[in-house]
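# Chain and residue survey
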Amino acid sequence: MRLGVVDVGSNTVHLLVVDAHPGAQPLPATKHKIDLRLSEHVTDDGHIGDEGSDRLATFVQECLEVAEHQGVENLSGFVTSAIREAPNGHQVLLEVKERTGVVLDVLSGADEARLTFLAARRWFGWSAGTLLVADIGGGSLELAMGMDEDPDVAVSLPLGAGRVTRDLLPGDPPSADAVREARRLVRASIAAELRPLAKAGAPDHAVGTSKTMRSLARICGAAPSSEGMYAARVLPRALLTEKLPEIAAMTDAERADLPGVSASRAHQLLAGAIVAEAAMDLLGLDELEICPWALREGIILRHLDRLS
């Protein structure tokens, strides 16, 4: 049996096709992707514009065609913060359903954190002990911590790299005052939600997931993607703090020339660095080990668990 999962994030939309059977690993047989960048199609009042809605429906239709070609028997899809928090998110999902027949499920922030945590737990195993997982998406920051496959604490904050860029970091590059204010607001938002994580105690292993974390680790000296998903990669806080002023002074074009940074995500790199550095500092973490599995893999693992 083949399973297809459509992941609608703030930056990209992915279709992953996996061979699903009990005990399988969530390694895709086929991938299909577009850079949607929903944050660029959000109006001043938070609504998703017609162009963004149309691109989403068109791509979901493409996913259906690819899935049929690949012999997918079970196709499911989910959306995260960009559509979840838009005032017209429900209308966008209705348009997708009317044009394609596909119903996209809305994940809560807590669900995002839990499923990402599940993926990290399966990757690192039980020997990792108490895990703390930080995930920076386009619209939100997820933090989760626990000893089991379901975290004891799961927190979602509206501090995604795309959102922080759009709301707090205008300009190319943004002014020093804008950067300073963005850092202040990000730190205040994280600090306000630290109590449940602090009560959970110190983690045995701290993990970072998402494309943003991988890019930050790469510019801080981590192995390139060409060395494969099993190469150990870490994001050290001290080096990230040292590089922040340099990243802040760069234009989008200059950031795109950094190793591991794509042109489509270069404009969000500074926001991601501000959020990652603040979270690590406030949580007392010297480094994050980068996990190649994240939310999509968590969704697939949950499906595979139900099959077995």
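To be clear, the structure that these remarks concern was listed above.
All of these numbers come straight from a predicted model, not from anything done at the bench. (Residues numbered from 1 in each chain as written. Predicted model: local features only at pLDDT ≥ 70, side-chain atom pairs only at ≥ 80, totals over all residues. Heavy atoms only, no water.)

With that settled, consider the environment of Ala-120. In this fold, Ala-120 is placed in helix H4 (residues 109–124). Separated by 16 residues in sequence, Ala-120 and Leu-104 have C-alpha atoms that sit 24 Å apart. Ignoring sequence-local partners within four residues, the contact set of Ala-120 consists of Leu-131, Val-133, Val-207 and Cys-291. (Helix = DSSP H or I, 4+ residues; strand = E, 2+ residues; numbered from the N terminus. Contact = heavy atoms within 4.5 Å.)

Between helix H6 (residues 176–191) and helix H11 (residues 269–282), whose axes approach to 9 Å, the crossing angle comes to 45°. On the basis of their axis angle, the class for H6 and H11 is oblique. The chirality of how H6 crosses H11 is right-handed. Packed against H6, whose contacting residues are Val-179, Ala-182, Arg-183, Val-186, Arg-187, Ile-190 and Ala-191, the element H11 presents Leu-270, Ile-274, Val-275, Glu-277, Ala-278, Ala-279, Asp-281 and Leu-282 at the interface. Looking at side-chain class alone, the contact of H6 with H11 contains 11 nonpolar, no polar and four charged residues. (Axes fitted to C-alpha atoms, helices over the stretch in contact; angles between N-to-C directions. Parallel < 35°, antiparallel > 145°, perpendicular 65-115°, else oblique. Left-handed = near helix turned anticlockwise from the far one by under 90°. Nonpolar A, V, L, I, M, F, W, Y, C, P; charged D, E, K, R; others polar.)

Turning our attention to the pattern of salt bridges. What the rule picks out here adds up to 19 salt bridges. Arg-180 serves as the salt-bridge partner of Asp-177, at 2.7 Å between the closest nitrogen and oxygen. Remark: Arg-180 and Asp-177 occur in helix H6; sequence separation between them is three residues, near one turn of the helix. According to the relative accessible area criterion, Arg-180 is exposed, its value standing at 53%. Each of Arg-183, Arg-187, Arg-237, Glu-277, Asp-281 and Asp-286 takes part in one network of salt bridges that share partners. (Salt bridge = Lys/Arg side-chain N within 4 Å of Asp/Glu carboxyl O. Buried < 20%, exposed > 50% of the residue type's maximum accessible area, 1.4 Å probe, protein only.)

Moving on: the sheet that holds strand E1 (residues 2–8). Pairing within the open sheet is mixed, and its five strands lie in the order E3-E2-E1-E4-E5. Two strands lie at the open edges of the sheet, namely strand E3 (30–35) and strand E5 (104–106), each paired on one side alone. Strand-to-strand twist across the sheet, computed as the mean angle between neighbouring axes with direction ignored, equals 20°. Sheet analysis places E1 next to strand E4 (residues 74–79), joined by six bridges and oriented parallel. Counterpart to Val-6 in the pairing with E4 is Gly-77. Running over the sheet, helix H1 (residues 50–69) touches E1, strand E2 (12–19), E3, E4 and E5 and is turned about 165° from E3. In this fold helix H12 (residues 295–307) packs onto E1, E2 and E4, with an angle of close to 145° to the strand it touches most, E1. (Pairing = 2+ DSSP bridges.)

What the second largest pocket holds in volume is close to 250 Å³. In this structure, the second largest pocket is lined by 15 residues; those nearest its centre are Leu-107, Leu-115, Ile-299, Arg-302 and Arg-306. Only E4, E5, H4 and H12 provide two or more residues apiece to the lining of the second largest pocket. When residues of the lining of the second largest pocket are assigned to their parent elements, the largest contribution, four residues, is made by H12. For the lining of the second largest pocket, the class distribution of residues is six nonpolar, three polar and six charged. (1 Å grid on protein atoms, 1.4 Å probe; cavity = no way out; pocket = protein on both sides within 12 Å on 5 of 7 lines; lining within 4 Å. Points joined across faces, edges and corners; volume = space filled by probe spheres on them.)

Here the structure, examined in full by the defined rule, presents one cavity of 30 Å³ or more. In this structure, the largest cavity occupies an estimated 60 Å³ of space. Lys-211, Thr-212, Ser-215, Val-261, Arg-265, Gln-268 and Leu-269 together form the lining of the largest cavity. Looking at the lining of the largest cavity, the element that brings in the most residues is helix H8 (residues 211–219), giving three residues.

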